[in-house]
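A structural walkthrough
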Amino acid sequence: MEFSLEHLQPKERASFALRSLYETAGCRKYHMGRFEEYSLYQENRSFLSSEQVITFTDLDGRLLALKPDVTLSIAKTAQPAPGETLRYYYHENVYRPSAESHTFKEISQMGLELLGAVGEAEVQQAVCLAAQSLAALGAEWVLEVSHMGYLFGLFDALGVPEAARAQLLEKLRQKNAHELRAAALSAGLSETAADSLCGVLELSGGYAATLSKAAALCRNPAMTAAVAELTALAPALGQAGGSIRLDLTLAGEMEYYNGLVFQGYLKALPRPLLKGGRYDLLLQKFTPGAGAIGFAVYLDELDRLDAMPPVQHQDTGKVMLNVALPKGRLGETAYETLAAAGYDCPAILEKNRRLTFENREKGVRYFWVKPSDVSIYVERGAADVGVAGRDILLEYEPDVYELRELGIGRGRMCVAGPENFYDAPGRTLRVATKFPHITAEHYTAKSRDIDIIKLNGSIELAPILGLSDVIVDIVETGKTLLENHLAPLETIVDISAWLISSRVSYQFKHQEIAAMQAALARKL
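In what follows, the accompanying structure is described. Every value quoted in this text rests on a predicted model; they were computed, and no experiment measured them.

Rules used throughout
Sequence order as written defines residue numbering, which begins from 1 separately in each chain. Local features in a predicted model are, by the rule used here, given only for residues with pLDDT of at least 70; side-chain atom pairs are given and counted only at 80 or more, and totals for whole chains, interfaces and linings are based on all residues. Side-chain numbers here rest on the full set of heavy atoms in the structure, without hydrogens or water. Paired strands are those between which DSSP finds at least two bridges. Helix and strand definitions here come from DSSP, where helices need a minimum of 4 consecutive H or I residues and strands a minimum of 2 consecutive E residues; each element is numbered from the N-terminal end. We call Phe, Tyr and Trp rings a pair once their centres come within 6.5 Å, taking the six-membered ring for Trp, and we label the pair stacked below 30 degrees between planes, edge-to-face above 60, and tilted otherwise. In this scheme, a residue with accessible area under 20% of its type's maximum is buried, one over 50% is exposed, and one in between is partly exposed, where area comes from a 1.4 Å probe on protein chains only. Placement of a positive charge over a ring is assigned whenever Lys NZ or Arg CZ falls within 6 Å of the ring centre and within 35 degrees of the normal to the ring plane. Salt bridge, as used here: a side-chain nitrogen of Lys or Arg that lies within 4 Å of a carboxyl oxygen of Asp or Glu. Whenever a helix is involved, its axis is fitted only over the stretch in contact; in every case the axis is a line through C-alpha atoms, and angles between N-to-C directions fall within 0 to 180 degrees. Contacts are assigned to residue pairs that have any heavy atoms within 4.5 Å of one another. For this analysis, a polar contact is any N or O atom pair within 3.5 Å, provided that within protein one partner can donate a hydrogen and the other can accept it, and provided that sequence-adjacent residues contribute only side-chain to side-chain pairs. The patch calculation keeps residues exceeding 30% relative accessible area without a salt bridge and links them within 9 Å when they carry like charges or within 5 Å when they are nonpolar (Val, Leu, Ile, Met, Phe, Trp, Tyr). Per-residue and other accessible areas were derived by the Shrake-Rupley procedure at a 1.4 Å probe size, with only the shown protein chains allowed to occlude residues. When describing relative orientation, an angle under 35 degrees is termed roughly parallel and one over 145 degrees roughly antiparallel, while 65 to 115 degrees is termed roughly perpendicular and anything else oblique. Left-handed describes a crossing whose near helix is turned anticlockwise from the far helix through less than a right angle; right-handed describes the clockwise counterpart. All residues other than Ala, Val, Leu, Ile, Met, Phe, Trp, Tyr, Cys, Pro, Asp, Glu, Lys and Arg, Gly among them, are scored as polar; the first ten of these are nonpolar and the last four charged.

**As for the pairing of strand E4 (residues 63-66)**
In terms of strand pairing, strand E2 (residues 35-37) meets E4 through three bridges, oriented antiparallel. In the strand pairing of E4, Glu 36 is matched with Ala 65. Pairing of strand E3 (residues 55-57) with E4, which is carried by three bridges, proceeds in the antiparallel orientation. Note on E4: the bridge partner recorded for Thr 57 is Leu 63. Joining the antiparallel neighbours E3 and E4 is a turn of five residues, in which Gly 61 adopts a positive phi near 90°.

Right, here's the structure in full:
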C-alpha cells in the first residue's frame, strides 16, 4: 500500500510539516537526554511553570529529574559565542503536572529557539515562524502578540510597587477590570493611575488599530521602544496570513519574559497551541549579554481537532455564541439579564426535555449546567461564554477571561458558627465547607491549623451536630443561619455573578463576545 501522510495522526503530520519549516529556515535539530540533574530546576524554579518535578536517584547517587522544560536545558548548554546566533529546533517530551487530572502528563512538544545575537531580524524571524507554524497545521488560526516592555514601562510610569506587579499582571491576563482596579488601589495607586492601568484592557483587537492606540498612550522610553518593536514587526506579520491580533493584556511570567510575548490558537482547540516570547533574562544566567527568543508547539492538543461536537457542526448561517447558564435561581436571573440585553431565546422558557436552546436570529445558544460546571465548559471551549459565581472562580481558578461583573447573585463568603463561638487557638479548628480551596487559602494566610471537612450540601447542619466547629459558606440574607442559632463570624470575600469567556472563543468570536459585553454594559 502506498504511504500517505493522510494516514497519520494530526500531531504526526504536524511534526513532519514543522520539521520541514524549521530546517528550511536554517535551524538545526537539538538533541538532548531525557533526564537532567534536579539542581538545574531547583536553582531556576522561578522559570518553571510548576515547581513539581518527577525526581529519582541515579545509580551513582545523583538526584535526577524527568525534564519539565526544554528551553532551560538548551539555555544551559548552548552558550553562544559573542556575535553568534544559534538557531535550534527540537522535538521532545516533557513531564508536567496536569491541573485537570491531578497527575503528571507526558507532553509532546516541538519548538524553536534563537540564541545569542538576537536583534530585530532574529525577532521578526522567530515570530513569523510562529505564524507559519500555525498556518502549516491546516486549520483557521490566530496569533496573539503582546510586549512585556510596554507593561513594565507603564508600571514604572505609574509607580507600581514591585511587590504588587505579579498580581496586577494576573488581573490583566484575566481581563478583570473590577479586580484590577481594586488591586491597583490596594497597591497605593491613585484613582487616576488605576484608571490608566485599567485602560490597558482596551488595548486589544486588530494589530494596526490597537498599535495606534498603544502608541498614543506611551509615557516613557520603555513604552515607546516596545511600540517601535511592534511597529517593525507589523509588515512581516501582515504577510503571514491568518489573523494577527495585538492584545497588551497578554502577559508572560515576570521573571521569564522581558520583551515580545505571543500565543497561537487553532479553531476548535480549547487552549493555546503555541506559546513563546523573548527570554533574555533566563539565557543570561548562563551566557551573560546574550539574547534569546523562542516558542513551543504543544502537539498533543492536535488530537482534539477531530472532536468538534455535533452542535458546533450545525450550519446556522450565523456565528452562534454558546452560553452556559447555571441551573437554579442564579441561572434564571442571568437569563433574564441577557434577554433584557437583547439575547432572548423563547425556547428556553418552554417545558420540555431539550438540553440546548437557540435563537438563530440573535445568534445565541443556551444550555443549563450544574453551577460548579460552568467554568469547566467555558475553560475547555464547549461554551464560548458563561455566567459563574465568584465563589466558583475562586475555588476552581479556571483559565478563563473574567469579562464583567453582572450585579446579580450577590452574597458573602463567610466563616459562620454558633452565636457564642470562641476559637481556642490551642487546638485544630474543624471547618465544614463546599469550598476547600478558598477555606485553605483563608486560614493559611492566618497561619491557623485547620481540619477541612468537605461536604456537598446542608453545610449549616455540621456545627449543629458537632461535625465541625465552624463552616465556610455563602451567606445571602443570613436567615438560614439565624433560624439555626448560627451567625456570620467573619467575611472572607464578597460574591457576585460574572460573565466569563473561553480564551480561544475570545480570539475567534471576538466581535460577537464584544457585542454581548457592550449590550450588557448598556443594560446594566
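Don't stop here, the text continues.
**Quick look at the packing of aromatic side chains**
By the definition in use, this model includes eleven aromatic pairs. With centroids separated by 6.3 Å and ring planes inclined at 65°, the aromatic side chains of Phe 262 and Phe 295 adopt a geometry described as edge-to-face. Taken as a pair, Phe 262 in strand E10 (residues 260-266) and Phe 295 in strand E12 (residues 291-298) lie far apart in primary sequence, 33 residues in all. Ring geometry for Tyr 401 against Tyr 506: centres 4.9 Å apart, planes inclined by 70°, an arrangement best described as edge-to-face. One end of the pair, Tyr 401, is in strand E17 (residues 401-405); the other, Tyr 506, is in helix H19 (residues 503-508), and 105 residues separate them in sequence. Per residue, the accessibility class of Tyr 401 equals that of Tyr 506, and both read buried. Members of the aromatic cluster, each reached through a chain of ring pairs, are Tyr 22, Tyr 89, Phe 262 and Phe 295. A cation over an aromatic ring shows up here: Arg 390 above the ring of Trp 498, its NZ or CZ 5.5 Å from the ring centre.

**A closer look at the pattern of salt bridges**
Scanning all chains against the criterion turns up 33 salt bridges. With a closest N to O distance of 2.8 Å, Glu 179 and Lys 171 form a salt bridge. Like Glu 179, the residue Lys 171 is buried in the burial classification. Put simply, Arg 448 and Asp 423 hold a salt bridge, and the shortest N to O gap is 2.5 Å. With a gap of 25 residues between them, Arg 448 in the loop between helix H16 (436-445) and strand E20 (450-454) and Asp 423 in the loop between strand E18 (411-418) and strand E19 (429-433) connect regions that are remote in the sequence. Linked by salt bridges that have partners in common, Glu 37, Asp 58, Asp 60 and Arg 62 make up one network.

**With respect to the sheet that holds E2**
The three strands lie next to each other as E2-E4-E3, forming an open sheet whose pairing is antiparallel. Pairing within the sheet leaves two strands with one partner each, and these edge strands are E2 and E3. The average undirected angle you get between the axes of adjacent strands in this sheet is 40°.

**Notes on the sheet that holds strand E5 (residues 85-97)**
With mixed pairing, nine strands are arranged side by side in an open sheet as E1-E5-E6-E12-E11-E10-E7-E9-E8. Looking at strand neighbours, the two that pair on one side only are strand E1 (28-29) and strand E8 (204-206), the edges of this open sheet. For E1 and E5, the ladder comprises two bridges, and the chain directions are parallel. Residue pairing for E5: Arg 28 is matched across the bridge by Tyr 88. Contacts from helix H9 (residues 207-216) reach strand E7 (141-147), E8 and strand E9 (243-247), with the element oriented near 130° to E8.

**Remarks on the side chain of Asp 247**
You can see Asp 247 is positioned in strand E9. Of the polar contacts made by the side chain of Asp 247, one reaches the side chain of Lys 175; its length is 2.8 Å. Setting aside residues no more than four positions away along its own chain, Asp 247 makes contact with Glu 144, Val 145, Ser 146, Lys 175, Leu 203, Ser 204 and Tyr 401.

**Focus: the pairing of E9**
Regular strands place side chains that alternate from one sheet face to the opposite one. With four of five residues buried, E9 is to be regarded as a mostly interior element. As paired strands, E7 and E9 are joined by four bridges and run parallel to one another. Of the residues in E9, the one forming a bridge with Glu 144 is Arg 245. Bridging between E8 and E9 involves three bridges; their strand directions are antiparallel. Each bridged residue has a counterpart across the sheet, and for Gly 205 the counterpart in E9 is Leu 246.

**Focus on helix H6 (residues 162-174)**
Those residues of H6 not exposed but buried are Ala 164, Arg 165, Leu 168, Leu 169, Lys 171, Leu 172 and Gln 174. At its buried positions, H6 is contacted by helix H5 (148-158), helix H7 (177-186), helix H8 (191-198), helix H15 (390-396), E17 and H19. Where H6 terminates, the next one or two residues include Lys 175, which has phi positive at roughly 60°.

**Some points on a nonpolar patch on the surface**
Taken together, Leu 461, Ile 464 and Leu 465 make up a surface patch of nonpolar side chains, about 290 Å² in accessible area. With respect to the helices and strands, Leu 465 occurs in the loop between helix H17 (461-464) and strand E21 (470-475).

**Things to note about the packing of H9 against helix H10 (residues 221-238)**
The angle between the axes and the distance between the axes are what describe a pair of packed helices. Where H9 contacts H10, the axes come no closer than 11 Å and their chain directions differ by 165°. Considering their axes alone, H9 and H10 lie roughly antiparallel with respect to each other. Of the two possible hands of crossing, H9 and H10 adopt the one that is left-handed. Every residue of H10 that contacts H9 at Tyr 207, Leu 211, Ala 214 and Ala 215 is listed here: Val 227, Leu 230, Thr 231, Leu 233, Ala 234 and Leu 237. Tallied by class, the residues present in the contact of H9 with H10 amount to nine nonpolar, one polar and no charged.

On their own, these measurements won't tell you what the molecule is for.
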